[in-house]
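# Understanding the architecture of this molecule
Chain by chain, the residues run as shown.
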Amino acid sequence: MTSIKFIFRPSTQCEARGTLSFRIIHHRSIRQITTRHHIHAHEWDRQTGCIITEGATPERKTYLQNIRQALRDDYTQLQRIVHRLEQTHEDYTAAQVRDIYLQRQSGESFFTFISEQIALCHELNRPRTAETYDAVKNSFARYLCGKDLAPTDLDTDLVNSYEHHLKRQGLHPNTTSFYLRNLRALYNRAVRKGLTSQNHPFTDVFTGMERTRKRAITLDAMKRIRQLNLTQHRRMEWARDLFLFSFYNRGMSFVDMAFLRKDNLRQGILTYRRKKTGQELRVKWEKYSQDILNRHPSPDHSPYLLPIITRPDTDERKQYLQACHSANYYLHLIGRQLQLPITLTTYVSRHAWASIARSRHVPLATISDALGHESEATTRIYLATLDHSAVDRANHSLLRDLCAPPEKWTGRTRTQK
């Protein structure tokens, strides 16, 4: 009989993380396999030999759950190795079990590697990247119909076939690029880890960005949205008010609105750091924003300014995402009701503020600061997708001059139109 157990070896340094290992025992021979997973001593139950997740923050809990799943997968793989060795009816050693496992790990499952990267992103408090990698993992797994593969299996033919699969689904080129860019990022991480050599399998697929359709709306459309009577539709009213709150505060992104805290507002100034860049922004508090707070007050026990996250310390990221999806759904209905030319989302408010400000000759540097962009170059790219009306007017003027009727001559005298 072969015994396989989880072992936790605490660090000799205070507060440092210990290492998780597998212990293989066969015929009193013991071999140990050290994993890449590290946890704190209080996160390990010695009696049950299990990871403890109770009391952990939501991000840390997700990280520990991912480690737990990775260990289960490795444990299952070790059991299969033992089972196959026993089926040969030949004697084997604990060292053989370890060596076969390590040999297979050199051709490690790409999906196991992605899961580890997702867990690492949660540990580093990068939930957005973790969600992106999880979406890519699920999409690629669906394409492979649940089959596994090693990082070394990614080649040009496979990646090209995956791109074709995405296109057949009717996805926009920027969406297919999203999946391929992030799959490439994961592949490059595997290369840096030494799990495969760099074979450049993404050379022939599109990983760029096409210019998106105009996502801004006019000031007149903003007025129509603001004046819409939605008192009989509370959820639509709430979504509309969040849209307006974003516009009132210089196109604030939805994630920054969701995590605004009450102590961010002091002496008429709203001060916060952008989730995306960490840049600090200061916005003068306007009466219009206060009106929205008066209509939708946050509970006294909540530290948040807006009642978007209603259960603090309970998977706040999930609450934010659900609220964003809900707001976009009702904004879509509002846009259809007003017959707007574009699909209305929370992000349109940010685009609209930038576009309207630019149309009123607000300097580019000012718009860049207001949006929290790290450089004016980013703002130029941003505005380039918003409104082509200036280019259209210039083109119309050129065509008007080009196609004007010829001047008429009467003898020596030229008559002007």
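Residues numbered from 1 in each chain as written. Predicted model: local features only at pLDDT ≥ 70, side-chain atom pairs only at ≥ 80, totals over all residues. Heavy atoms only, no water.

## Here we look at the overall build of the chain
Helix and strand counts for the chain stand at 15 helices and ten strands. A total of 417 residues make up the chain; the buried ones form 42% of that total. A fraction of 56% describes how many contacts in the chain between residues 6 or more apart in sequence connect residues 24 or more apart. Surface exposure of the chain reaches about 24,600 Å², of which carbon and sulfur atoms provide 49%. (Helix = DSSP H or I, 4+ residues; strand = E, 2+ residues; numbered from the N terminus. Buried < 20%, exposed > 50% of the residue type's maximum accessible area, 1.4 Å probe, protein only. Contact = heavy atoms within 4.5 Å. Areas by Shrake-Rupley, 256 points an atom, 1.4 Å probe, with all protein chains shown as cover.)

## Focus on the sheet that holds strand 1 (residues 2-9)
Reading across the sheet, the three strands line up as 1-2-3 and stay open at both edges, with antiparallel pairing between neighbours. In the strand order of this sheet, the two ends are held by strand 1 and strand 3 (29-39), each with one partner. Strand-to-strand twist in this sheet, taken as the mean axis angle between neighbours without regard to direction, amounts to 20 degrees. Pairing of strand 1 with strand 2 (residues 18-26) involves eight bridges; the strand directions are antiparallel. (Pairing = 2+ DSSP bridges. Axes fitted to C-alpha atoms, helices over the stretch in contact; angles between N-to-C directions.)

## A look at the sheet that holds strand 7 (residues 269-273)
As summarised here, the arrangement of the three strands in space is 6-7-8, forming an open sheet in which the pairing is antiparallel. Strand pairing shows two members of the sheet lacking a second neighbour, strand 6 (265-266) and strand 8 (280-284), which therefore form its edges. Bridge count between strand 7 and strand 8: five bridges; the pairing is antiparallel. Bridging across to strand 8, Thr-271 finds its partner in Arg-282.

## Concerning the side chain of Thr-176
Mapped onto the elements of the fold, Thr-176 is located in helix 6 (residues 173-192). According to the relative accessible area criterion, Thr-176 is buried, its value standing at 2%. Those residues in contact with Thr-176 that sit more than four places away from it in its chain are Leu-166, Lys-167 and Leu-171.

## Section: the packing of aromatic side chains
Enumeration according to the criterion identifies 16 aromatic pairs in this entry. The interplanar angle of 70 degrees and the centroid separation of 5.2 Å between the aromatic rings of Phe-178 and Tyr-179 together place this pair among those described as edge-to-face. The class of Tyr-179 is buried, set by a relative accessible area of 16%. Through successive ring pairs, a cluster of aromatic residues spans Phe-111, Phe-140, Tyr-143 and Tyr-162. (Phe/Tyr/Trp six-rings, centres within 6.5 Å; stacked < 30°, edge-to-face > 60°.)

## Let's talk about unusual backbone geometry
Despite not being glycine, His-200 has its phi angle at roughly 50 degrees, a positive value. For Gln-339, which is not glycine, the phi dihedral falls at a positive 60 degrees. With respect to the secondary-structure elements, Gln-339 resides in the loop between helix 11 (316-337) and helix 12 (346-359). Taking relative accessible area as the criterion, Gln-339 reaches 71% and is therefore assigned exposed.

## Some remarks on the confidence of the model for the chain
Mean pLDDT over the chain stands at 84; residues scoring 70 or higher make up 86%. Of all helices and strands in the chain, the one with the weakest mean pLDDT is strand 10 (residues 413-415) (48), whereas helix 9 (residues 254-258) scores best (95). This model gives residues 413-417 a pLDDT under 50, and the stretch forms nine contacts once residues within four places in sequence are excluded. (pLDDT = per-residue confidence, 0-100.)

## A closer look at the packing of helix 3 (residues 110-123) against helix 6
The contact between helix 3 and helix 6 brings their axes to 11 Å, and the two run at 95 degrees. One element, helix 3, and the other, helix 6, form an angle in the roughly perpendicular class. Two secondary-structure elements touch here, helix 3 through Phe-110, Phe-113, Ile-114 and Gln-117 and helix 6 through Leu-183, Leu-186, Tyr-187, Arg-189 and Ala-190. Grouping the amino acids of the contact of helix 3 with helix 6 by side-chain chemistry returns seven nonpolar, one polar and one charged. (Parallel < 35°, antiparallel > 145°, perpendicular 65-115°, else oblique. Nonpolar A, V, L, I, M, F, W, Y, C, P; charged D, E, K, R; others polar.)

## Observations concerning the nonpolar core
Grouped together as the largest cluster of nonpolar side chains are 52 residues, with contacts concentrated most on Ile-217, Phe-245 and Leu-344. Among residues more than four places away in sequence, those in contact with Ile-217 are Met-222, Ile-225, Phe-243, Ile-342, Leu-344, Val-348, Ala-352 and Ile-356. Among the nonpolar cores identified, the runner-up in size contains 27 residues, and Val-159, Tyr-179, Leu-183 and Leu-195 belong to it. (Core = buried A, V, L, I, M, F, W, Y, C linked by side-chain atoms within 4.5 Å.)

## Looking at the pairing of strand 3
Across eight bridges, the pairing between strand 2 and strand 3 is antiparallel. Residue pairing across strands places His-26 opposite Ser-29, the latter belonging to strand 3. Remark: two residues form the turn of the hairpin made by strand 2 and strand 3, two consecutive strands paired antiparallel; His-27 in that turn has positive phi of roughly 50 degrees.

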